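Analysis of the macromolecular model
For reference, the chains in residue letters:
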Amino acid sequence: MGAGDRRWTDRGEAIGHGLMWSARWSTRLALIAVGVVLLWLLIGRIWVVVMPVLLGLLITTVLWPPARWLRSRGTPPALAASIVLLVGLAVLGGVLTLISVSIASGVPDIASSASDAIQQARDWLAGPPFNLADSKLDQLLQQGTDQLQASVGSIANGLITGVGTVTSGVVTGILALLLAFLFVKDGPRFLPWLRGVVGDRAGGHLTVVLDRVWTTLGDFIRTQAIVSFVDAVLIGIGMVVLGVPLAIPLAALTFLGGFVPIVGAFIAGALAVLVALVSNGVTAAVILLVIVVVVQQLEGNVLQPILQSRSLRLHAAVVLLAVTAGSSLYGIAGAFLAVPVAATVAVVLRYLSEVIDRGSAVETAGADEPHLPGMDVPENDR
């Protein structure tokens, strides 16, 4: 008689067995929850270390393909890592320089139309329905000035806090770049070293999992680049159609800002709308604002979840919940890293499921252990 065909002698025995089964699984789940909480607290305590490592890994996914190409042609690892890192920084610096030069060359034209825009705004406020005369406008401006003077202390504290945050971000970025250099230079040595430390059997499992995690991180960066490119193209087309100056550099800023969730896209869109307001008037600014909002809603709620759910094999709802949880817990950095972290957890869970299914198949069929794709485990360890 199999376990599934067992008959209980009375109702009390069946209830007791159910309670014992529930108690065992409740204890196991409680221990798992305690472990997760402790790990979460540990990550929070050493976040200043974890953050640069994660950013360095993401940067490495971009730098590794050209570095691998150079190494395949005989370039020493350190030189290949240095070349790709310096070229990447040069490309990024060149793009930012072109954007800055374009903006600087367009500032005089924008400034010349800014005074007209301000006068139009004053005339609009002076008419119905506001009917604000110049004296009322001056009074409102004076009240705003007094309020700013009264809040100068809190503003100064905010600026000091902001400077500290920017400084911390710069240090984190520099550390991430240094780690990315080391990852590109010595990355291929890591898995053999890890396999030698933990043994061939456990090392085989870790090799498969880490290889899949690496692929997942690369897919995340490529997907984020596609989403940012679509944002930049659609918003850039809107600016060109409306005749907004600096459309190309603003579109480039939109592309770069797309890699910083929530805040990056918001700042780039707000800057584009501001330029449209002072250069093309209120109507063009409102139309561009609608375009920016629609594109960002399309990107955040449709395009990004769908693309990431396909490339990372995550449901769109999981992507949205991960971004929401990450942003609420760790701010901008949490929103950016939430999706790759969720995808990494999913990779580990899927691999564990494969191992369990493999064990169940072997136990049921009594046959040799099936070989998982990509897994290389010695015969004597199977």
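Located above this text is the structure these notes cover.
Described below are features of the structure shown in this document.

What counts and how
- Residues numbered from 1 in each chain as written.
- Predicted model: local features only at pLDDT ≥ 70, side-chain atom pairs only at ≥ 80, totals over all residues.
- Heavy atoms only, no water.
- Helix = DSSP H or I, 4+ residues; strand = E, 2+ residues; numbered from the N terminus.
- Buried < 20%, exposed > 50% of the residue type's maximum accessible area, 1.4 Å probe, protein only.
- Contact = heavy atoms within 4.5 Å.
- Areas by Shrake-Rupley, 256 points an atom, 1.4 Å probe, with all protein chains shown as cover.
- Core = buried A, V, L, I, M, F, W, Y, C linked by side-chain atoms within 4.5 Å.
- Salt bridge = Lys/Arg side-chain N within 4 Å of Asp/Glu carboxyl O.
- Axes fitted to C-alpha atoms, helices over the stretch in contact; angles between N-to-C directions.
- Parallel < 35°, antiparallel > 145°, perpendicular 65-115°, else oblique.
- Left-handed = near helix turned anticlockwise from the far one by under 90°.
- Nonpolar A, V, L, I, M, F, W, Y, C, P; charged D, E, K, R; others polar.

Quick look at the overall build of the chain
The helix and strand tally for the chain stands at ten helices and zero strands. Across the chain, helices and strands are ordered from the amino to the carboxyl terminus as α-α-α-α-α-α-α-α-α-α. Classification of the 382 residues of the chain by burial places 27% in the buried group. Taking the intrachain contacts of the chain between residues at least 6 apart in sequence as the baseline, contacts between residues at least 24 apart amount to 65%. Surface summary for the chain: the accessible area is close to 23,400 Å², and the carbon and sulfur share equals 71%.

Describing the nonpolar core
Membership of the largest hydrophobic core comes to 21 residues, with the highest contact counts inside it found for Leu58, Phe220, Leu312, Leu314 and Phe336. Elements with a minimum of two residues in this core: helix H2 (47-72), helix H6 (200-242) and helix H10 (316-365). Core analysis: the next-biggest nonpolar cluster, separate from the first, contains 15 residues, Val244, Val275, Val292 and Val295 among them.

What about the pattern of salt bridges?
Counted by the stated rule, this structure contains four salt bridges. Three or more residues are tied together by salt bridges with common partners; here these are Lys185, Asp186 and Arg189.

Quick notes on the packing of H6 against helix H7 (residues 247-257)
Contact geometry of H6 with H7 gives a least axis separation of 8 Å together with a crossing angle of 155 degrees. When the axis of H6 is compared with that of H7, the two are roughly antiparallel. In this structure, the crossing between H6 and H7 has a hand that is right-handed. Facing Ala225, Ser228, Phe229, Asp231, Ala232, Ile235, Gly236, Met239 and Val240 of H6, the residues of H7 in contact are Ala247, Leu250, Ala251, Thr254 and Phe255. Here the contact of H6 with H7 is built from residues that sort into ten nonpolar, three polar and one charged.

Examining the packing of H2 against H6
Here H2 crosses H6 at 80 degrees, and the two axes come no closer than 9 Å. The angle between the axes of H2 and H6 places the two elements in the roughly perpendicular class. In contact with Leu57, Leu58, Thr60, Thr61, Val62 and Trp64 of H2, H6 contributes Trp214, Leu217, Gly218, Phe220 and Ile221. Here the residues of the contact of H2 with H6 sort into eight nonpolar, three polar and no charged.

A look at the environment of Val292
On the secondary structure map, Val292 appears in helix H9 (residues 282-311). With relative accessibility at 4%, the residue Val292 sits in the buried group. Separated by 27 residues in the primary sequence, Val292 and Ala265 place their C-alpha atoms 9.1 Å from one another. In contact with Val292, other than residues within four places in its own chain, are Ile235, Gly269 and Val273.

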